[in-house]
Protein chains: 2
Amino acid sequence: MADRLSPSMEMYLKTILSLEKDGQPARVQAIASALDVKKPSVSGALHSLKQKGLVVQQSYGAVHLTEEGRTVAKQVTARFEILKRFLSEVLGVDATNTSREACELEHVLCSETVQRLHLFLDFLEHCNLDVNAIMEHFQEYLQQRLAGGHCPNCELKSGECGTKPADRA
Amino acid sequence: MADRLSPSMEMYLKTILSLEKDGQPARVQAIASALDVKKPSVSGALHSLKQKGLVVQQSYGAVHLTEEGRTVAKQVTARFEILKRFLSEVLGVDATNTSREACELEHVLCSETVQRLHLFLDFLEHCNLDVNAIMEHFQEYLQQRLAGGHCPNCELKSGECGTKPADRA
DNA sequence: CCCTCGTGTTAGGAAAGGCTAACTTTTATA
DNA sequence: TATAAAAGTTAGCCTTTCCTAACACGAGGG
């Protein structure tokens, strides 16, 4: 398999797939709006994706994924969905942030790691009834700790990974 | 607080802190080797970090972190350690990959998410004895699934997030 | 004291990915 | 059908981060 695409190129593919799924033709303008970039950036990116054989586009027309492009787009999208689930279901990250953050992670994590995350979610969901109780317990613990409580057994110092105490009040 | 530094700049700071911790003076050459870049790249980066007030360096001499630079470097390092622990202790990611992957994540995840991950590890470690059993159960499940077993309740299709069946044999 | 060699810096350039401005093509409407 | 608006493209530029080549400093050996 060729080297991984850049985050930027993966985003273009993911966006094209997503527009297609919504039944919209993937026009330059629509891609630009979805990614919050300008049209010339899209044109440039498409030029590069065409060279790689991942999309086709008749001049001045809509963009279509090739089979290979579709495969990559689906992979990226699948990663995104798994990461979003993990962030929200396990870590309880705020809905405002899950998409943005999953979107950065999807370009960075290797398949193996995403798969393990997927299996972790799968495990929590299907394979052990006790797990739900544990996860609820974790969510409670999380709320307490985020509210300022302190675990007596733990040397976690607030601020050490970038969150100041004031941020968590 | 100012905007987040670029991944690259965070890496320079983290590396300088790490060299200092090893008792070595943070010279341009040492930083270059540690990051696998050439000396002029380091000079350029240091120029930018000096302008931001994050490092000081007498000309042709060793580099030192300012108080602010040290704070950032420590935050990045702390994120790295937490992510590495999560990847290895929870997901069982291979030791060869944990550092590389944690190193990419550390620049991408927001403080809130890293903190939640930290609390998750903390929870697993200190706050519920049953959790260990669950996690061991997960590790077993992981091994089975990675060896080709299939969860009857789960529609996980191999390959959908980029791992081909052949990769997992 | 000078010279050499390792280390640091500067100059100049490439690639990626974004931008604006200006041009071309298509579409839609009067 | 003529033409204006919308959509796409091209040209040219900026920033970041890396590179190579060439130059400058500075500590140790003759």
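For the structure itself, consult the block above.
What counts and how
- Residues numbered from 1 in each chain as written.
- Chains lettered and ligands numbered in written order.
- Predicted model: local features only at pLDDT ≥ 70, side-chain atom pairs only at ≥ 80, totals over all residues.
- Heavy atoms only, no water.
- Near = heavy atom within 4 Å.
- Polar contact = N/O pair within 3.5 Å; in protein donor to acceptor, adjacent residues only side chain to side chain.
- Helix = DSSP H or I, 4+ residues; strand = E, 2+ residues; numbered from the N terminus.
- Nonpolar A, V, L, I, M, F, W, Y, C, P; charged D, E, K, R; others polar.
- Expected span 1.5 Å × (residues − 1).
- Phe/Tyr/Trp six-rings, centres within 6.5 Å; stacked < 30°, edge-to-face > 60°.
- Buried < 20%, exposed > 50% of the residue type's maximum accessible area, 1.4 Å probe, protein only.
- Contact = heavy atoms within 4.5 Å.
- Axes fitted to C-alpha atoms, helices over the stretch in contact; angles between N-to-C directions.
- Parallel < 35°, antiparallel > 145°, perpendicular 65-115°, else oblique.
- Left-handed = near helix turned anticlockwise from the far one by under 90°.

Visitor: Residues and numbers for the protein's contact with DNA strand D, please.
Guide: Not every one of the 17 residues close to DNA strand D is listed here, only the nearest: Q29 and K39 of chain A together with S6, K38 and S41 of chain B. Backbone atoms, meaning sugar and phosphate, make up 71% of the atoms of DNA strand D lying within 4 Å of the protein. A distance of 2.9 Å separates a phosphate oxygen of DNA strand D from a polar side-chain atom of S43 of chain A. The contact in question runs from a phosphate oxygen of DNA strand D to an N or O atom on the side chain of S41 of chain B, over 2.6 Å. Sorting the residues of the surface near DNA strand D by element identifies α2 (28-35) and α3 (39-51) of chain A together with α1 (7-21) and α3 (39-51) of chain B as the ones contributing at least two each. In terms of residue class, the surface near DNA strand D is built from eight nonpolar, six polar and three charged.

Visitor: Which residues make up helix α4 (residues 67-90) of chain B, and what are the values?
Guide: If you check α4 of chain B, its first and last C-alpha atoms are 34 Å apart, about what 24 residues at 1.5 Å a residue would give, namely 34 Å. The positive-phi residue at the C-terminal boundary of α4 of chain B is G92 of chain B, with phi of around 65°.

Visitor: Tell me about the protein's contact with DNA strand C, and name the residues and values.
Guide: Lining the immediate environment of DNA strand C, one finds 17 residues, of which S6, K38 and S41 of chain A together with Q29 and S43 of chain B sit closest. Sugar and phosphate atoms represent 74% of those atoms of DNA strand C found within 4 Å of the protein. Y12 of chain A is positioned with one of its side-chain polar atoms (N or O) 3.1 Å from a phosphate oxygen of DNA strand C. S43 of chain B is positioned such that a nitrogen or oxygen atom in its side chain is 2.8 Å from a phosphate oxygen of DNA strand C.

Visitor: Give me the packing of aromatic side chains: which residues, what numbers.
Guide: Taken as a whole and assessed by the stated rule, the structure comprises eight aromatic pairs over all chains. A ring pair is formed by F120 of chain A and F138 of chain B, whose centres lie 4.8 Å apart and whose planes are at 70°; its orientation type is edge-to-face. Taken together, the residues span two chains, with F120 of chain A in helix α6 (residues 111-126) and F138 of chain B in helix α7 (residues 129-146). We note that F120 of chain A, like F138 of chain B, is buried. Note on F138 of chain A and F123 of chain B: the rings are 5.2 Å apart at their centroids and 50° apart in plane angle, and the pair reads as tilted. Residue F138 of chain A is found in helix α7 (residues 129-146), and its partner F123 of chain B is found in helix α6 (residues 111-126); the two belong to separate chains. The residues F138 of chain A and F123 of chain B share a single accessibility class, namely buried.

Visitor: Account for helix α5 (residues 95-105) of chain A, with residues named and values stated.
Guide: When α5 of chain A is considered as a whole, its buried residues turn out to be N97, T98, E101, A102, C103 and L105 of chain A. On its buried face, α5 of chain A sits against α1 (7-21) and α4 (67-90) of chain A together with α5 (95-105) and α6 of chain B.

Visitor: Before we move on, could you go through unusual backbone geometry and cite the residues and values that matter?
Guide: Located in the positive-phi region is Y60 of chain A, a residue other than glycine, with phi close to 65°. Residue classification places Y60 of chain A among the exposed positions, given a relative accessible area of 79%.

Visitor: Can you lay out the environment of R70 of chain B for me, pointing to particular residues and giving the numbers?
Guide: Residue and element names in this part refer to chain B. If you trace the backbone, R70 turns up in helix α4. Among the residues examined, R70 registers a relative accessible area of 28% and is labelled partly exposed. Taking the C-alpha atoms as reference points, R70 and L17, separated by 53 residues in sequence, lie 7.1 Å from one another.

Visitor: Break down the environment of I16 of chain B for me, with residues and values.
Guide: Residue and element names in this part refer to chain B. Locating I16 in the fold gives a position in helix α1. Judged by relative accessible area, I16 falls into the buried class, the value being 0%. Taking the C-alpha atoms as reference, I16 lies 21 Å from S111; in sequence the two are 95 residues apart. Those residues within four positions of I16 in sequence are excluded, and the remaining contacts are A26, I31, L46, V55, V63 and L65.

Visitor: Before we move on, can you summarise the environment of L19 of chain A with the specific residues and values?
Guide: All names here are of chain A. Within the secondary structure, L19 sits in helix α1. Separated by 52 residues in the primary sequence, L19 and T71 place their C-alpha atoms 15 Å from one another. Those residues in contact with L19 that lie beyond four places of it in its chain are Q24, A26, A30 and I31.

Visitor: Talk me through the packing of α1 of chain A against α2 of chain A; I want residue IDs and the actual numbers.
Guide: Residue and element names in this part refer to chain A. For the pair α1 and α2, the least separation of the axes is 10 Å and the interaxial angle reads 115°. Viewed along their axes, α1 and α2 adopt a mutual orientation that is roughly perpendicular. Between α1 and α2 lies a crossing of right-handed hand. Here M11, Y12, T15, I16 and L19 of α1 lie close against α2, whose contacting residues are A30, I31, A34 and L35. Here the residues of the contact of α1 with α2 are counted per class, giving eight nonpolar, one polar and no charged.

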